[in-house]
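# Fold and geometry: a report
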Amino acid sequence: MTVVPFRPVPRVTALTEAFWRRGADGVLAIQRCDDCGFYLHPPGPVCPRCGSRAVAPAPVSGDATVVACTVNHQAWYPGWETPYVVAIVELVEQPGLRLTTNVVDCDPYAVHIGMPVRVRFTGVGGDVWLPVFAPAEARG
Ligand SMILES: [Zn+2]
């Protein structure tokens, strides 16, 4: 796996804590409405579909599909290896449930729209785990 020597660490809040910290256990946690089942990301205090405030982090499968991607050649921080992929992936749990992320552990030029990927986590310090995605050849 590509080692990234430095990344800015996101500020963890009560709303985002599960998203940033549960990666320590390999869990991708997405805010979900207990009343109607709708997932919302980024996490918020109110369900945008039904208005309920009964929202809480829930584990998802970590399976997703690339819906947009680009190959970057600029190392925005010292030590970053180039090229690298910035992508938007859509989680399989719900149409439109998307994360901006990196696709890692593959040829950057092999990443394409429609590619199945699976989450993994990169620790960046402060007990913060960034969800990144890798090709899911074995998904079945
Ligand atoms: Zn709802």
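Below is a summary of the structure that appears in this document. Being a predicted model, the structure only gives us computed values, none of them experimental.

## Let's talk about the overall build of the protein chain
A count of helices and strands for the protein chain gives one helix and eight strands. In sequence order, the secondary structure elements of the protein chain are arranged as α-β-β-β-β-β-β-β-β. Here the protein chain has a C-alpha radius of gyration of 15 Å; the compact-globule value for 140 residues is 14 Å, and the two agree. Referenced to the eigenvectors of the C-alpha coordinate spread, the extents of the protein chain come out at roughly 45 × 35 × 25 Å. For the protein chain, with 140 residues in total, the buried portion stands at 41%. Across the protein chain, the fraction of contacts at a sequence separation of at least 24, relative to all contacts at a separation of at least 6, is 51%. Carbon and sulfur atoms make up 54% of the accessible area of the protein chain, which amounts to about 7,500 Å² in all.

## Quick word on the coordination of the zinc ion
For the zinc ion, every protein donor is listed as C33 (SG), C36 (SG), C47 (SG) and C50 (SG), and the spread of their distances is 2.3 to 2.4 Å. You can call C36 partly exposed: its relative accessible area is 26%.

## Let's talk about unusual backbone geometry
The peptide bond linking H41 to P42 adopts the cis configuration, its omega dihedral lying at 0°. Within the secondary structure, P42 is located in the loop between β2 (39-40) and β3 (55-60). One non-glycine residue, D105, lies in the positive phi region at around 60°. For D105, the position within the fold is in the loop between β6 (98-103) and β7 (116-123). Despite not being glycine, D127 shows a phi value in the positive range, around 55°. In this fold, D127 is placed in the loop between β7 and β8 (129-135).

## A word on the pattern of salt bridges
All told, the structure shown has four salt bridges when counted by the stated rule. For R21, the salt bridge is made with E17, and the minimal N-O distance between the two is 3.6 Å. Separated by four residues within a single helix, R21 and E17 lie in helix α1 (residues 17-21), roughly one turn from each other. Residue E17 is classed as partly exposed on the basis of its relative accessible area of 39%. The shortest N-O distance in the salt bridge between R118 and D63 comes to 2.8 Å.

## Comments concerning the sheet that holds β2
The sheet built from three strands is open, its strands ordered β2-β1-β3 with antiparallel pairing. In this open sheet, the two strands that pair with only one neighbour each are β2 and β3. Note: strand β1 (residues 28-33) against β2, two bridges, orientation antiparallel. Note on β2: the bridge partner recorded for Q31 is L40.

So, how was this worked out
Residues numbered from 1 in each chain as written. Predicted model: local features only at pLDDT ≥ 70, side-chain atom pairs only at ≥ 80, totals over all residues. Heavy atoms only, no water. Helix = DSSP H or I, 4+ residues; strand = E, 2+ residues; numbered from the N terminus. Rg over C-alpha atoms; globule rule 2.2 N^0.38 Å. Buried < 20%, exposed > 50% of the residue type's maximum accessible area, 1.4 Å probe, protein only. Contact = heavy atoms within 4.5 Å. Areas by Shrake-Rupley, 256 points an atom, 1.4 Å probe, with all protein chains shown as cover. Donors = N, O, S within 2.8 Å, 3.2 Å for Na, K, Ca; no water. Salt bridge = Lys/Arg side-chain N within 4 Å of Asp/Glu carboxyl O. Pairing = 2+ DSSP bridges.

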